[in-house]
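These are the residues of each chain, in order.
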Amino acid sequence: MTLVSGWGRFPVVDTDLSRPRSFEAVSEAVVPGSVARGNGRAYGDAAIGVSRTIAMTGFDRVRSFDPATGRIRLEAGVLLSDLIDTFGPRGFLPFVVPGTRFASVGGAIAADVHGKNHHCEGGFGRYVDSILLRTGQGEVMEASREQNSDAFFATIGGMGLTGVILEATMRLRTVETGWIRERVIAASDLDAAMRALDAGDAATYSVAWIDCVARGSDLGRSLIYLGEHARADELADSADRFPAGNDPGLAVPVDLPSITLNRYSIRAFNELYYRMGARRAGGGHVVSLYPYFFPLDSIAAWNRIYGRRGFLQHQCVIPEQGARSAIGEILDRVSRRGDASFLAVLKKLGQGDGLLSFPLPGYTLALDFPVRGEILNFLDEIDRLVVAAGGRLYLAKDARQSRATFEAGYPALARFNAIRKSLDPAGAIRSKLSQRLFDEVQP
Amino acid sequence: MTSRKSVLVLGGSSDIGRAAARAFAKAGYDVALAGRDAAALEPDAADLRARYTIEGSTLKFDVLDTASFDGFVGSLPVLPDVVISIIGLLGVQAQAESDLAHAITIMRSNYEGPSLILGLFAEKFLARGHGTIVGVSSVAGDRGRSSNYVYGSAKAGFSAFLSGLRARASRGGVHVVTVKPGFVRTKMTEGMKLIGPLTVEAPVVGDAILAAVENKTDVVYVSGKWRLVMFIIKALPEAVFKKLKF
C-alpha cells in the first residue's frame with residue numbers, strides 16, 4: 001500500500017498503487033474499486049482509487065501524427081508539457097491547456113480541463129475526436145461523437161469513472177510562434193474587472209488575477225490579462241520562433257510552516273503585484289507561452305508553500321445571471337477572513353461538452369486556502385452561496401464538497417450514472433471522489 | 001541513404017533505452033531499436049517517427065544468443081554512428097547464491113553478451129575509422145556488495161572491458177563511453193527503496209548519454225553525487241566494508 005494524495009495534499013489516502021506496462025496489464029490491474037491516475041495534478045481525491053490506483057504515466061507514446069491536419073493519436077499518459085515541447089517547435093500546440101502543463105492527456109480529458117480560451121474556444125474535450133476506453137466491465141472500446149457516443153460524452157469530464165482512458169485522437173492547433181501577445185488591464189474593483197472580462201470576450205485568451213484581500217471600495221480589484229498568439233512578424237528579429245520551456249528551476253525544498261502565509265504577507269505581496277501589473281497596463285507586449293499559460297510551473301513543488309497539511313482549492317462557476325452579486329458576496333467574505341491565497345483567479349467560461357464537464361456560461365472564481373482552523377465550515381458557507389446562484393464546483397479541484405452541493409450543481413448526474421452503470425454494471429471503477437459524492441452507499 | 005547520423009539502441013524496450021532513443025531522435029539521429037521482441041518495440045519506433053522527422057526502425061536481438069552476434073552485425077542495413085548497450089538484468093541475489101542457472105543468466109546478461117556485441121561493433125568502427133560505443137554499466141560494479149554482488153561483479157567486468165576497449169579504440173578514432181547511472185526510477189528498480197536525492201528519472205539518463213556522446217566524455221556518473229559516494233565507498237578498507245550492512 002502507498003500513501004497517495006492529489007496536488008493539494010489533502011486528503012492523503014492509503015491505496016494499492018499499480019503501474020501497468022501494457023494495456024493487457026491495465027485490464028488485469030482493474031479490481032473492484034479502481035481508478036486511473038495521470039500525473040497527479042488533480043487537487044483532491046479524483047485520481048485515487050477506493051482500493052487501487054492505476055498509474056498511467058508509463059503510457060507516454062505518440063502513436064501517429066499528421067502534420068497536414070494536426071491530428072494526433074497518443075497514449076493517455078503523455079503529458080501536455082511533452083506535447084508542447086515536442087510539437088511546439090514544429091508549429092503545433094494543444095487547443096486547450098490548463099494552468100499547469102504537467103497534466104496528462106488522459107487526465108485532461110477526464111477533467112475536461114478548461115483554459116484561458118474557454119469563453120470562445122471551449123474545453124479540452126472539444127478537440128478530442130475519439131478515445132480508446134477500457135470500461136469497468138472489461139471491454140476495450142473506441143468512443144467518439146459518432147460511435148459509442150454515450151460513453152464518449154460521459155468520459156469527457158467523467159473524472160475517469162467510465163473506465164481507463166488508454167489512448168485518444170485529438171487535434172492540435174497550428175501556431176506561427178510560441179509567443180503570446182499580451183495586454184494587461186488594471187481594474188480597480190469587481191465591477192470594472194467583470195466589465196473588462198466582458199469586453200475581452202473577443203480576445204482568444206482572457207483571465208483576471210484578483211486581489212482577494214482587498215476590501216471595501218477596492219474589493220475585487222484585478223489585473224486582466226488578454227492574449228493572442230503572436231505572429232512571426234510580431235517577434236523581434238532576434239527572438240526564437242519557439243521559446244525554450246525551462247524545467248522548473250526553483251523548487252520549494254521543504255514544507256513551509258503554514259504561518260508563512262498570513263494576512264500580512266499576502267496583503268504585502270498583493271499590493272506589490274497589483275502595482276507592478278498596473279504599471280504594465282495598456283500597451284501590448286509579447287511574452288513566452290510558458291509564463292503566460294503556466295505561471296506556477298516555474299516553481300517546482302509549489303504546493304509545499306501551504307505547509308504539511310496541504311491546501312484546498314475552491315473553484316466555482318456561477319451562471320452569468322447573478323454572477324456579480326454572488327461573486328461579490330464570496331469575495332467579501334474571503335477578504336474579511338483574510339487568509340486566502342495570493343492567487344485568486346476570475347475568468348469567463350462557455351458551455352462545457354461532457355455530461356459532468358465543469359464549465360457553464362458564466363464566471364469562474366478559483367481560490368486557495370491552507371488546510372487549517374475552521375476552513376471546512378467556511379467553505380461550506382461559500383458553497384451555499386454557489387448553490388443559491390445556480391453554480392457548481394470543479395471536480396478536478398475538489399476534496400470536500402458535500403453530496404448536496406454536488407447534486408445541485410450537476411443536473412446531468414442521473415444520465416451520467418445510467419451510462420456508467422451500462423459500462424460497468426458491477427461498479428469496478430470507483431474513486432475516493434465518486435465514493436464521497438455519488439456512489440450508492442455501500443451496505 | 002540519409003545524411004543524418006544514426007544510433008542503434010540495444011535493449012530498446014527498457015526505460016533507459018526508450019529515453020536514450022528519444023534524446024537521440026530529438027537531436028536528429030535516425031534510431032534503430034533492438035530487443036528480443038522486435039514487434040513489441042514497434043510502438044516505440046512509431047513514437048519516434050511521429051515526434052521527430054527521423055527514421056525509426058526495430059531489430060531482433062537477444063543478448064544471450066552470442067552465436068547470432070556476427071550475423072546480427074553483418075546483416076545491418078547501415079553501420080550506425082553510435083551503438084548503445086542498455087542491456088542488463090538485476091536478477092535476485094538471494095536466488096543467484098544457490099541457483100547457478102540464475103547466476104549464469106545475470107552474469108551473461110550484464111557482462112558476456114554486452115561486452116561481446118560491443119567488441120564486434122568496435123572492430124567494425126575501427127575498420128571504418130569512426131564511431132561511438134556506449135555501455136551502460138552500473139555503480140554496483142565499482143565495489144562488490146553483499147546485497148547484489150552477482151550483478152555487481154558482472155557490471156565490474158563490463159566496466160573493465162569498456163575501459164580497456166576505450167584505451168585501444170581511441171587510437172583508431174573510436175570513442176567508448178561508460179555510463180554509471182546510479183539509482184534510476186525504472187521497471188528494474190520498481191518496488192525497491194531508492195534514496196531520493198540520489199535517484200534520477202530515465203529521461204535524465206537519456207540526455208546524459210547523448211551529452212556524453214557529443215562531448216566525448218569517457219565515464220559518466222549520471223548524478224554527480226554518485227562519483228563522490230562511490231569514491232568514498234571504494235576508499236573504505238575491506239576490514240570496515242565487510243562489516244557494513246550494505
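Looking up chain B in an unreviewed UniProt entry gives the name SDR family oxidoreductase, with the organism given as Bradyrhizobium commune. Its UniProt record, at the heading Sequence similarities (unreviewed entry), says of chain B: "Belongs to the short-chain dehydrogenases/reductases (SDR) family."

Named according to an unreviewed UniProt entry, chain A is FAD-binding oxidoreductase originating from Bradyrhizobium commune.

Asker: Hey, could you go over the overall build of chain B for me, with residue numbers and the actual values?
Answerer: Along chain B, the regular secondary structure elements total nine helices and nine strands. Relative to the globule expectation of 18 Å for 246 residues, the C-alpha radius of gyration of chain B, 18 Å, shows essentially globular dimensions. Referenced to the eigenvectors of the C-alpha coordinate spread, the extents of chain B come out at roughly 60 × 35 × 35 Å. For chain B, the residues scored as buried account for 50% of the 246 residues in total. In chain B, 70% of the contacts between residues at least 6 apart in sequence involve partners at least 24 apart. On chain B, roughly 11,300 Å² of surface is accessible, and the fraction owed to carbon and sulfur atoms is 59%. Placing the 29 positive and 22 negative side-chain charges of chain B at their respective mean positions leaves the two points 7 Å apart.

Asker: Give me the environment of B:Leu59: which residues, what numbers.
Answerer: Residues and elements named next belong to chain B. Relative to the elements of secondary structure, Leu-59 occurs in strand 3 (residues 56-60). Residue Leu-59 is classed as partly exposed on the basis of its relative accessible area of 22%. In sequence terms Leu-59 and Ser-146 are 87 residues apart; their C-alpha atoms lie 37 Å from each other. Discounting chain neighbours no more than four positions away, the residues touching Leu-59 are Leu-8, Ala-32, Leu-33, Ala-34, Gly-35, Ala-38, Leu-41, Phe-72 and Leu-76.

Asker: Explain the sheet that holds strand 2 (residues 30-35) of chain B to me, and be specific about the residues and the numbers.
Answerer: Residues and elements named next belong to chain B. Taken together, the seven strands give an open sheet; going across it, the order is 3-2-1-4-5-6-9, and neighbouring strands pair in parallel fashion. Looking at which strands have only one partner, the edges of the open sheet turn out to be strand 3 and strand 9 (219-221). On average, each strand axis in the sheet is tilted by 20° relative to the strand beside it, whichever way the strands run. Alignment of strand 1 (residues 6-10) against strand 2, held across five bridges, turns out to be parallel. Its bridge partner lying in strand 2, Val-9 is registered against Leu-33. Sitting on the sheet, helix 7 (residues 202-215) touches strand 4 (82-85), strand 5 (131-136), strand 6 (174-180) and strand 9, and the angle it makes with strand 5 is about 145°.

Asker: Would you mind going over a nonpolar patch on the surface in detail, with residue names and values included?
Answerer: The grouping of B:Leu228, B:Phe231 and B:Ile232 at the surface amounts to a nonpolar patch, some 340 Å² of accessible area in total. Residue class for B:Ile232 comes out partly exposed when judged on its relative accessible area of 46%.

Asker: Talk me through the environment of B:Leu76; I want residue IDs and the actual numbers.
Answerer: All names here are of chain B. Take Leu-76: it is sitting in the loop between helix 3 (69-74) and strand 4. Residue Leu-76 is classed as buried on the basis of its relative accessible area, which comes to 14%. Residues Leu-76 and Leu-59, spaced 17 residues apart in sequence, show a C-alpha to C-alpha distance of 9.0 Å. Beyond its immediate stretch of four places on either side in the chain, Leu-76 contacts Leu-8, Leu-59 and Phe-121.

Asker: I'd like a rundown of the UniProt feature "domain: FAD-binding PCMH-type" (unreviewed entry) in chain A, residues and numbers included.
Answerer: Under the UniProt annotation, the feature "domain: FAD-binding PCMH-type" (unreviewed entry) is placed at residues 10-175 of chain A. Helix and strand shares over residues 10-175 of chain A are 19% and 32% respectively, and the end C-alpha atoms of the span are 38 Å apart.

Asker: Go over helix 8 (residues 224-235) of chain B with me, naming the residues and quoting the values.
Answerer: Because an α-helix packs 3.6 residues into every turn, residues spaced three or four apart end up facing the same way. All names here are of chain B. Helix length check: helix 8 (12 residues) gives 17 Å between terminal C-alpha atoms against 16 Å at 1.5 Å per residue, within 8%. Within helix 8, the full set of buried residues consists of Trp-226, Met-230 and Ile-233. Across the axial projection of helix 8, the buried residues extend over an arc of 60°, all falling on one side. In helix 8, the exposed residues that point more than 90 degrees away from the buried face are Gly-224, Leu-228, Phe-231 and Ala-235.

Asker: So what's going on with unusual backbone geometry? Residues and values would help.
Answerer: Residues and elements named next belong to chain A. Note the cis peptide between Phe-10 and Pro-11, where omega equals -5°. With respect to the helices and strands, Pro-11 occurs in the loop between strand 1 (2-5) and strand 2 (12-18). One non-glycine residue, Asp-112, adopts positive backbone phi at about 40°. Tracing the backbone shows Asp-112 in the loop between helix 3 (105-110) and helix 4 (118-121). Even without a glycine there, the phi angle at Asn-148 is positive, about 45°.

Asker: Which residues make up the interface of chain B and chain A, and what values go with them?
Answerer: With 14 residues of chain B in contact, the opposing surface of chain A contributes 13 residues. Three residues, B:Arg18, B:Ala50 and B:Arg51, lead the burial of chain B against chain A; their summed loss comes to 45% of the area buried on that side. The tally of links from chain B across to chain A stands at six salt bridges. The partner of A:Asp82 in a salt bridge is B:Arg51, and the shortest N-O contact between them spans 2.7 Å. Linking chain B to chain A there are 10 residue pairs in polar contact (both at pLDDT 80 or more). Where the side of chain B that touches chain A is concerned, the elements lending two or more residues are helix 1 (15-26) and helix 2 (38-51) of chain B. Considering every element that reaches the side of chain B that touches chain A, the biggest residue donor is helix 2 of chain B, with six residues. Here the side of chain B that touches chain A is composed, by residue class, of four nonpolar, two polar and eight charged.

Asker: Help me get a handle on the sheet that holds strand 4 (residues 52-55) of chain A, residues and values and all.
Answerer: Residues and elements named next belong to chain A. With mixed pairing, the four strands of this open sheet are ordered in space as 1-2-4-3. Edge positions in the sheet fall to strand 1 and strand 3 (34-37), since each of these pairs with one other strand and no more. On average, each strand axis in the sheet is inclined to that of its neighbour by 50°, with strand direction left out of account.

Asker: How would you sum up the nonpolar core? Please name residues and give values.
Answerer: Residue and element names in this part refer to chain A. By size, the foremost hydrophobic cluster in this structure holds 69 residues, and its most contacted members are Ile-72, Leu-83, Val-105, Ile-109, Phe-124, Met-170 and Phe-438. Per-element tally for this core: the top contributor is strand 10 (residues 163-174), with six residues. Excluding residues within four positions of it along the chain, Val-105 makes contact with Leu-74, Ala-76, Val-78, Leu-80, Leu-83, Phe-124, Ala-168 and Met-170. By size, the runner-up hydrophobic cluster in this structure holds 38 residues, among which are Leu-190, Ile-327, Leu-331 and Phe-378.

Rules used throughout
For every chain, the first residue of the written sequence is number 1, and numbering continues from 1 along that sequence. Ligands are numbered from 1 and chains lettered from A, in the order in which they are written. Only residues with pLDDT of at least 70 get local features here, since the model is predicted, and only at 80 or more are side-chain atom pairs given and counted; chain-wide, interface and lining totals rely on the full set of residues. Computation of side-chain values covers all heavy atoms of the structure but excludes hydrogens and water. UniProt positions are given in the numbering used here, feature names are shortened, and annotations may be inferred rather than shown by experiment. Counting from the N terminus, the helices are DSSP H or I runs at least four residues long and the strands are E runs at least two residues long. We compute the radius of gyration over the C-alpha atoms and compare it with the globule rule, which gives 2.2 Å times the number of residues raised to the power 0.38. Burial classes follow relative accessibility: with a 1.4 Å probe on protein chains only, a residue under 20% of its type's maximum area counts as buried, one over 50% as exposed, and anything between as partly exposed. The contact rule is simple, with two residues in contact once any of their heavy atoms fall within 4.5 Å. Per-residue and other accessible areas were derived by the Shrake-Rupley procedure at a 1.4 Å probe size, with only the shown protein chains allowed to occlude residues. Positive: Lys, Arg. Negative: Asp, Glu. His and the chain ends are not part of the count. Lys charges are placed at NZ, Arg charges at CZ, Asp charges at CG and Glu charges at CD. One bridge is not enough; two strands pair if DSSP finds at least two bridges between them. For helices, the fitted axis covers only the stretch in contact; all axes are lines through C-alpha atoms, and the angles between them, taken along N-to-C directions, range from 0 to 180 degrees. Put simply, a patch holds well-exposed residues, over 30% relative accessible area, that have no salt bridge, with like charges counted together within 9 Å and Val, Leu, Ile, Met, Phe, Trp or Tyr side chains within 5 Å. Take a side-chain nitrogen of Lys or Arg and a carboxyl oxygen of Asp or Glu: if they are within 4 Å of each other, that pair is a salt bridge. Working rule for helices: expected span equals 1.5 Å times residues minus one. Here the arc refers to the directions that run from the helix axis out to each C-beta atom. Accessible-area loss on putting two parts together, using a 1.4 Å probe and summing over both, is the definition of buried area adopted here. Polar contacts, as used here, are pairs of N or O atoms within 3.5 Å; protein pairs need one atom able to donate a hydrogen and one able to accept it. Residues neighboring in sequence count only if both atoms are side-chain atoms. Put simply, Ala, Val, Leu, Ile, Met, Phe, Trp, Tyr, Cys and Pro go in the nonpolar bin, Asp, Glu, Lys and Arg in the charged bin, and everything else, Gly too, in the polar bin. We call a set of buried residues a nonpolar core when its members are Ala, Val, Leu, Ile, Met, Phe, Trp, Tyr or Cys and they connect through side-chain atoms within 4.5 Å of each other.

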